[in-house]
Amino acid sequence: MRSEKRCGLFTRLRVGLSLLAGLRRHDVRAARTFMETFFAEDRGLVRVLRMWRWALGQMFGTIPRSLTTVTFAETVARTPIWLVEGNRLANHPWEAEPRTKLPERVDAVIIGAGMTGAGCAYHWARRTGEKTAVVLEMHDPAWGASGRNEGLVVMGRYFAMVRDTVRQHLNEVRSDLDGDSRGRLADQFAAAYTRSAYKNADLIEDTVREEGFECDYARMGWIQARSESAQSSLRESVEAGRANGFDDWTSLTPEEVLETGGMTVDTPAGFSRRAASFHPAKWVWCLLEKALESSNVQLFTRTRVTSVDREEDGYVVHTERGPVRARAVINAIESHTASLHERYGEFIFPRQTQAAFGDGGPDTMKPHVGLSGLQGWFGRHFGGVMVGSDATRIEARRANCINPSRFITSFLMGELHGLFGQSRIHITHEWSGTPGFTEDEFPVVGVLDGYRQWVIGGMCGSGTAVSFNGARHVVQRVLGLEGPDDYPEAYFSPVRLLDPRNHRWPDIEA
Ligand SMILES: Cc1cc2nc3c(=O)[nH]c(=O)nc-3n(C[C@H](O)[C@H](O)[C@H](O)COP(=O)(O)OP(=O)(O)OC[C@H]3O[C@@H](n4cnc5c(N)ncnc54)[C@H](O)[C@@H]3O)c2cc1C
């Protein structure tokens, strides 16, 4: 549907000035992230001036024009769209059994009931004989990033992307190596990640099918637009993946982009062929419900873990409802890791990403296909459109606070209309969440304390690429079962971030 109202000088001034007046602290921080990402080649004053020119163009041009067909509900809800129909496991088990008590002792405590904690519970229920596990969640299942995201089951960050972020970090922590060796090591990290991510994606699909999970799963790919200046790096990234045996990441011509996703671009886009989409909260609930069929797994929502202390043969996990003793602890708390484990510092830290949902939107946009523009992402769901953007670091204590920026939503309307044509949209929901990041943008799946406390996190906005197989790996290790080593310590251990000098780095292959 294309309909563009007139957007005269008065409208531009009114919209631009109200955007300026509404700017908040997070907008300024997000602007810095934006500037560092999109004007990375420029330095100092030039970078700031280019940023301002861009921002003024947006505020008094693109955004007012695009908002002529956008309305905002009188009260824009802050509930993520995946949770509007309620939470199947809310207040479990207290709702039905208010007098239930936490167990005094279990074999393992899993902290957090997002997709990672739910994955651990599921694998535990499948593998264990008599051993018991308890999931402790401070809110309700899928309350965190898992119930707020874009809903893509990604094949992971592509090979060249992982290689480049790891390489940058290796320059700092492995200055003992020459450049060539650091390059080869970065390639090895990228291969280890990509291998495990491909396996993870297939494991999710197999599980959805075998268990008959109803979570709207469909595998139709993910398009990522690239600017003219990024074309050579797109070509290089596709070639690098292929040369190393990873063929998921490829590219589409503008005509193919239009046909596959309904998006209009001028230059070829990146394409993850086997990415899928699903309802992320339903995935979490399905996993937990399946796990709870086993008498060895229990879930306690609204039970915050306040600290974890080591004792002779395990741990005391302190909660607001009392302690639970366990032989092993699995931290599945992603961007909250630094808040619970202050002594380890911010080796996993939160970055805020936000999303909005509106009724209407472009008819041309294809459902189930992942769609990313240059600065935002888009999806068709529930007869409307979801838009999102941003990845700004925030304080650890603010992890998963809901604090979306209206400026960013408005900006995304311009991006959406530029890619899909002008359409009518009525914005009803805006929210934010925090994926956990690491300095090398490489996840952590390993032992935290050299003993039996595990951590899965730092998945850098690609939780679906790590969490499920990562959970299987950790559960196998905790139970002492044989299994493939998909997350070798040399790559995935948190020690590479906590104590790089004493980390056992992988041998550099010839
Ligand atoms: C807007 C947005 C879009 C995204 N899009 C995608 C996407 O399309 N595809 C993708 O793969 N990833 C995406 N991500 C990232 C993805 O959502 C995360 O990587 C993933 O959800 C992490 O899952 P998790 O279970 O590890 O963490 P979370 O879902 O954050 O769960 C952690 C849980 O731990 C609980 N917890 C924390 N501290 C404690 C405590 N002390 N005691 C008890 N419980 C505690 C929290 O309440 C929370 O429920 C997106 C993220 C956001 C915010």
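Residues numbered from 1 in each chain as written. Predicted model: local features only at pLDDT ≥ 70, side-chain atom pairs only at ≥ 80, totals over all residues.

Digging into the overall build of the protein chain
Piece 1. Check the secondary structure of the protein chain and you find 14 helices and 20 strands.
Piece 2. Relative to a compact globule of 510 residues, whose C-alpha radius of gyration would be 24 Å, the protein chain shows 23 Å and is just as compact.
Piece 3. Projecting the C-alpha coordinates of the protein chain onto the three principal axes gives extents of approximately 70 × 60 × 40 Å.
Piece 4. Residues classed as buried in the protein chain amount to 51% of the 510 residues present.
Piece 5. For the protein chain, long-range pairs separated by at least 24 residues make up 78% of all intrachain contacts whose partners lie at least 6 apart in sequence. (Helix = DSSP H or I, 4+ residues; strand = E, 2+ residues; numbered from the N terminus. Rg over C-alpha atoms; globule rule 2.2 N^0.38 Å. Buried ≥ 20, exposed ≤ 12 C-beta atoms within 10 Å, placed from the backbone. Contact = placed C-beta atoms within 7 Å.)

Notes on the pairing of strand E19 (residues 444–447)
Piece 1. Pairing between E19 and strand E20 (residues 453–457): four bridges, direction antiparallel. Residue pairing for E20: valine 444 is matched across the bridge by glycine 457.
Piece 2. Between the end of E19 and the start of E20, which pair antiparallel, lie five residues, with glycine 450 showing a positive phi angle near 75°. (Pairing = 2+ DSSP bridges.)

Describing the site of the ligand
Piece 1. The immediate surroundings of the ligand are formed by 41 residues, with Gly112, Gly114, Gly144, Gly433 and Gly463 found nearest.
Piece 2. Counting residues per element, the ones that place at least two in the shell around the ligand are helix H4 (115–127) and strand E13 (349–360).
Piece 3. The class makeup of the residues in the shell around the ligand is 17 nonpolar, 19 polar and five charged.
Piece 4. Taken domain by domain, the shell around the ligand gets at least three of its residues from each of domain 1 (9–68 + 349–437) and domain 2 (105–150 + 280–344 + 440–496). (Near = placed C-beta within 6 Å. Nonpolar A, V, L, I, M, F, W, Y, C, P; charged D, E, K, R; others polar. Domains from an automatic or database assignment.)

Some thoughts on the environment of arginine 29
Piece 1. Along the chain, the position of arginine 29 falls in helix H2 (residues 25–38).
Piece 2. Assessed through the 16 C-beta atoms surrounding it within 10 Å, arginine 29 is described here as partly exposed.
Piece 3. C-alpha of arginine 29 to C-alpha of arginine 393: the two residues are 364 residues apart in sequence and 8.3 Å apart in space.

Observations concerning the domain arrangement of the protein chain
Piece 1. Structurally, the protein chain comprises domain 1 (9–68 + 349–437) and domain 2 (105–150 + 280–344 + 440–496).
Piece 2. Listed as interface residues are 18 residues of domain 1 and, on the opposing side, 18 residues of domain 2.
Piece 3. Secondary structure elements with two or more residues in the side of domain 1 that touches domain 2: E13, strand E15 (377–381), strand E16 (384–393), strand E17 (425–433) and strand E18 (436–437).
Piece 4. Of the residues forming the side of domain 1 that touches domain 2, the biggest block, four residues, is contributed by E13.

Quick word on the packing of helix H3 (residues 44–67) against helix H11 (residues 406–420)
Piece 1. At their nearest, the axes of H3 and H11 sit 8 Å apart, and the two run at 70° to each other. Relative to H11, the element H3 is oriented roughly perpendicular. For the crossing formed where H3 meets H11, the hand is left-handed. In contact with Gln58, Thr62, Ile63, Ser66 and Leu67 of H3, H11 contributes Ser410, Phe411, Met413, Gly414 and His417.
Piece 2. A per-class count over the contact of H3 with H11 returns four nonpolar, six polar and no charged. (Axes fitted to C-alpha atoms, helices over the stretch in contact; angles between N-to-C directions. Parallel < 35°, antiparallel > 145°, perpendicular 65-115°, else oblique. Left-handed = near helix turned anticlockwise from the far one by under 90°.)

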